[in-house]
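# Structure at a glance
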Amino acid sequence: MAFEVDIPSKDPSRFRDVLPPERFEEFEHGCEEARRLLDGHVVWNVNSTARGGGVVELLRPLVAYARGAGVDARWMVVEGTPEFFTVTKRIHNRLHGSPGDRGPLDENAQRIYEDVLAANLAEFVDRVLPNDVVILHDPQTAGMVHELHAAGALVIWRCHVGLDTPNELAREAWAFLRPYLLEADAYVFSREAFAWEGLDRKKIAIIAPTIDVFSPKNCDLDRETVRSILLVSGIVTGAEVPAPPPFPCQDGTPGRVERRAQMFEDEPLHEYDPVVLQVSRWDALKDPIGVIEGFGHHVPAETGARLVYAAPAVDAVSDDPEGERVMREALATREALPADARRRVHLAALPMDDLNENAVMVNALQRHARVVVQKSLAEGFGLTVAEAMWKARPVVASRIGGIQEQITHGETGILLDDPRDLRAYGAAVTALLMDPERAEEIGRRARERVRDRFISVRSLLDYFALIRRFMLVPSG
Ligand code: UDP
């Protein structure tokens, strides 16, 4: 059942290129300490999927850089039955404050949950030695705390899910999980507001998500490469260019952009048209309808700007019926705009056949955009915001969830107090389009903010510090 994912190490010395010297020194020092403290011990990360999802995006670079720093970090994936994932999805939805499938979190759910984790533990627990560190990610693994703690490991539970104002549904999920968690040595949440009631405050630590600045999604791309990626993928039209050079994939092998995005538009986007961009899944909580209508009605044509809403291509046979529905609604909203507004709105479905290729397309789009928008109605952290800020883009985003941690209004971006106020959204976007100097200044500060707070270096140091704080170092 449980299996290990092989993660090649990545050399953390490359952060020398992006950090000021004193911060790189601090990082090296932290790695050195961790190496000493964890010598002979393994840091296990355990989650329930090796592919897809934000947790994988976060985990992969952290494990890779920790390994590169000389720490024996590893990644285990637990497997489950469909019933198990029905229960854990139910818990996940409730942690977000929504009812999900409305099924019960009762004794039967408990039995399904415990049986699967017991089977996974049976294959895993023998490999865990006293004073190893185990970081269990999300509700799917919470039920493993007791046995791993009994095996003598330092057990940290990392919750990636949260909401600003908990409701009864969230409390129901907490009540289900809490008994499993009491013996954990520490709990990690993404932001203070997400920390649960009823857990020992002294054990709680806050570690914000971070992005991997060397991944295909965020690595540097020069202007010509950006241009050729957007041309080859059919997102913009313009003069013929040579094919984009290969880009480095997650595993270090060279990747190529070959596939085309599917564009829904009245006329092609020209490479010189100023672009306002939102990159999001087709999800109602990302408010594609509001993004399109607000742009169409409240960003004047005189700006010359075009909106691109880019999302993963929805596969007709995908298991996300909501994605397809929301995409149809977005298309219909575009269709219903007056002709001159509709002409300025482009929807892009980015191919998902090759995730590295998809990531580098997102990268190119974010670098190409004049203004990036994240007008979500709900958001845990909002990685797309950090991604755009890293590329020195001015971001207009809703004042919700973890976005508030990233953007200081007027300094490192623009926050919208009411995400449903389309007029205010249009006005904020227009103001940035009309004032390129201010936009550039905000973008510059945005990049610094991400460099200081939201790149892998930060969370690695945070995890090392947490382990140091709680690790039981044998005396003598
Ligand atoms: N994303 C992507 N390809 C797409 C659309 C989105 O890789 O076509 C990525 C996006 O760049 C980001 C992630 O999906 O890294 C979304 O994370 P976020 O925290 O913004 O929102 P979530 O989808 O987890 O609610």
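Anyway, here's the lowdown on the structure attached to this text. Note that this is a predicted model, so its numbers are computed, not measured.

So, on to the site of the ligand. In the vicinity of the ligand there are 14 residues, among which R281, K286, N358, L383 and E387 approach most closely. P312 is positioned such that a nitrogen or oxygen atom in its backbone is 3.2 Å from an oxygen atom of the ligand. Between an oxygen atom of the ligand and a main-chain N or O atom of T384, the distance comes to 3.3 Å. Relative to its unbound accessible area of 540 Å², the ligand is 80% covered by the protein chains. The set of elements that each furnish at least two residues to the shell around the ligand consists of β12 (306–312), α12 (355–368) and α13 (383–390). The leading source of residues in the shell around the ligand is α13, at three residues. Classifying every residue of the shell around the ligand by side-chain character gives six nonpolar, three polar and five charged.

Glancing now at the nonpolar core. F15, V133, I156, L277, L350 and I455 are the most contacted members of the largest nonpolar core, which has 89 residues in total. Residues within four places of I156 in sequence aside, it is in contact with V133, V134, I135, L136, A186, V188, L466 and I467. In this structure, Y113, V125, L148 and V161 belong to the second largest nonpolar core, which totals 47 residues.

All right, on to the sheet that holds strand β11 (residues 275–279) then. Spatially, β10-β13-β12-β11-β14-β15-β16 is the arrangement adopted by the seven strands of the open sheet, whose pairing is mixed. If you trace the sheet from one side to the other, it starts and ends with β10 (262–264) and β16 (414–416), each paired once. Geometrically, the sheet is characterised by an average inter-axis angle of 20° between neighbouring strands, direction not taken into account. Examined bridge by bridge, strand β15 (residues 395–398) and β16 share three bridges and lie parallel to one another. Directly across from S398, in β16, lies its bridge partner L416.

Here we come to the layout of surface pockets. As a volume, the second largest pocket reaches approximately 870 Å³. Together, 28 residues line the second largest pocket, and R223, R367, H368, R370 and R393 are the ones closest to its centre. For the lining of the second largest pocket, the per-class residue count stands at 14 nonpolar, two polar and 12 charged.

A full pass over the atoms with the stated rule returns 41 salt bridges. For R36, the salt bridge goes to E32, with nearest N and O atoms at 3.9 Å. In this pair, R36 and E32 both sit in helix α1 (residues 21–37), four residues apart, roughly one turn of the helix. Residue R171 pairs with E197 through a salt bridge whose shortest N-O separation is 2.9 Å. Placement of the pair is R171 in helix α7 (residues 168–181) and E197 in the loop between β6 (186–189) and β7 (204–206), with a sequence separation of 26 residues. Residue classification places E197 among the partly exposed residues on the basis of a relative accessible area of 40%. A network of salt bridges, in which partner residues are shared, links D266, R334, E335 and R342.

Before going further, it helps to spend a moment on the packing of helix α9 (residues 288–298) against helix α15 (residues 422–434). Following both chains from N to C, one finds α9 and α15 inclined at 65°, their axes separated by 9 Å at the closest point. If you check the angle between α9 and α15, you find them roughly perpendicular. Here α9 runs over α15; the crossing is right-handed. Contacts from G290, V291, E293, G294, F295 and H298 in α9 reach L422, R423, Y425, G426, A427 and T430 in α15. Tallied by class, residues from the contact of α9 with α15 come to five nonpolar, five polar and two charged.

Calculation criteria
Residues numbered from 1 in each chain as written. Predicted model: local features only at pLDDT ≥ 70, side-chain atom pairs only at ≥ 80, totals over all residues. Heavy atoms only, no water. Near = heavy atom within 4 Å. Polar contact = N/O pair within 3.5 Å; in protein donor to acceptor, adjacent residues only side chain to side chain. Areas by Shrake-Rupley, 256 points an atom, 1.4 Å probe, with all protein chains shown as cover. Helix = DSSP H or I, 4+ residues; strand = E, 2+ residues; numbered from the N terminus. Nonpolar A, V, L, I, M, F, W, Y, C, P; charged D, E, K, R; others polar. Core = buried A, V, L, I, M, F, W, Y, C linked by side-chain atoms within 4.5 Å. Buried < 20%, exposed > 50% of the residue type's maximum accessible area, 1.4 Å probe, protein only. Contact = heavy atoms within 4.5 Å. Pairing = 2+ DSSP bridges. Axes fitted to C-alpha atoms, helices over the stretch in contact; angles between N-to-C directions. 1 Å grid on protein atoms, 1.4 Å probe; cavity = no way out; pocket = protein on both sides within 12 Å on 5 of 7 lines; lining within 4 Å. Points joined across faces, edges and corners; volume = space filled by probe spheres on them. Salt bridge = Lys/Arg side-chain N within 4 Å of Asp/Glu carboxyl O. Parallel < 35°, antiparallel > 145°, perpendicular 65-115°, else oblique. Left-handed = near helix turned anticlockwise from the far one by under 90°.

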